Amino acid sequence: MQFAFSKLGPLFPAYFGNTAYNLWFKTHRFKRPSIENEAASNADRSSIRVNNIDVAVWHWGNGKPVLFIHGWSGRGTQVAHFIDSLTSSGHCVISYDGPAHGETAGKTTNMLEIADVVLALGEVYGPFRSTITHSFGGMVLAYASTLGFNTASAVCICPPATMNTILHNFQRSLQIPDRVLAVMTSKLYANYGSNLDKRVSMLHNVRSLTIPALIIHDEDDMDVPWQDGKAVADAWSDSEFMLTRRLGHRRILRNPATISAATEFIKKS
């Protein structure tokens, strides 16, 4: 794909722009590690129907509900390392596999569909004591909050500040020429509105949030620059920022310091 985009894309920008557009919505499923398989086997497994899709829902423990929102091509069981800490402090943990993620059917999805799932979970299990997000999940939380999602606090791990960060990663990973990306983004705006950037921008949406938040980002995150997390924290009126090192974009989810900081923040906020 990289060869096709980089070499043929400049010659056929319309064709490859449409190809990139279709790939933009496609997710990838990755094998669960053993600790996530164990978490899955210990969970109360159910489903919730949203937009004619049966969405897999995971539930651990009893107490005040905490929701986990996974990132793009992630899965609900990525909260596995947080479960013991949260349940032992009097919380239950709820997570889900978004459309085309984990055990939920589908091959493509978008933020608007995932936000609908979060809103539906809020109606069934909420209001939430807190919400923990990873990566793209932070943008979903901020967008869903503008639509009425209710959570008393938030812990956002490695959040992208704007759609531009995700577009840049997408372009870099497939080596998409600028002319091809321009065709793709034009189609995005045509189908989802010229104000799409602003609607989904976490940086924009958190400015209206008054709930307390903890933003955790790693200095060595190669997927989402830590400066994005700092920008989100600066825009969020009641927030704290925690910078970690040598954990990257995913290992941060199983780091004891991250888990401890998130749990303590939720307990006190």
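Whatever comes next refers back to the structure up there.
Conventions used here
Residues numbered from 1 in each chain as written. Predicted model: local features only at pLDDT ≥ 70, side-chain atom pairs only at ≥ 80, totals over all residues. Heavy atoms only, no water. Buried < 20%, exposed > 50% of the residue type's maximum accessible area, 1.4 Å probe, protein only. Helix = DSSP H or I, 4+ residues; strand = E, 2+ residues; numbered from the N terminus. Arc of directions from axis to C-beta. Right-handed = clockwise from strand over helix to strand, strands pointing away. Pairing = 2+ DSSP bridges. Polar contact = N/O pair within 3.5 Å; in protein donor to acceptor, adjacent residues only side chain to side chain. Contact = heavy atoms within 4.5 Å.

Let us look at helix α4 (residues 80–88). Among the residues of α4, Ala80, Phe82, Ile83 and Leu86 are the ones counted as buried. On an axial view of α4, the arc spanned by its buried residues comes to 125°, and they lie on one face. Those residues of α4 that are exposed and angled more than 90 degrees off the buried face are Asp84 and Ser88. Gly90 sits one or two positions beyond α4 and adopts a positive phi of about 95°.

Right, let's get into the pairing of strand β3 (residues 64–69). Within β3, five of the six residues are buried, which leaves the element mostly enclosed by the surrounding structure. For the segment spanning β3, α4 and strand β4 (residues 91–97), crossover handedness is right-handed. Bridge analysis of β3 against strand β5 (residues 130–134) gives four bridges, and the strand direction is parallel. Residue pairing for β5: Phe68 is matched across the bridge by Ile132.

This part takes up the side chain of Ser73. Tracing the sequence through the fold places Ser73 in the loop between β3 and α4. In terms of polar contacts, Ser73 uses its side chain to reach the backbone amide nitrogen of His28, at 3.0 Å. Those residues in contact with Ser73 that sit more than four places away from it in its chain are Thr27, His28, Phe30 and His101.

Residues Gly126 and Pro127 are joined by a peptide bond in cis, for which omega reads 0°. As for its position among the elements, Pro127 is in the loop between α5 (111–125) and β5. In the Ramachandran plot, Asn51 falls in the positive-phi region, its phi being about 50° despite a non-glycine side chain. Relative to the elements of secondary structure, Asn51 occurs in the loop between β1 (44–50) and β2 (53–60). Among the residues examined, Asn51 registers a relative accessible area of 48% and is labelled partly exposed.

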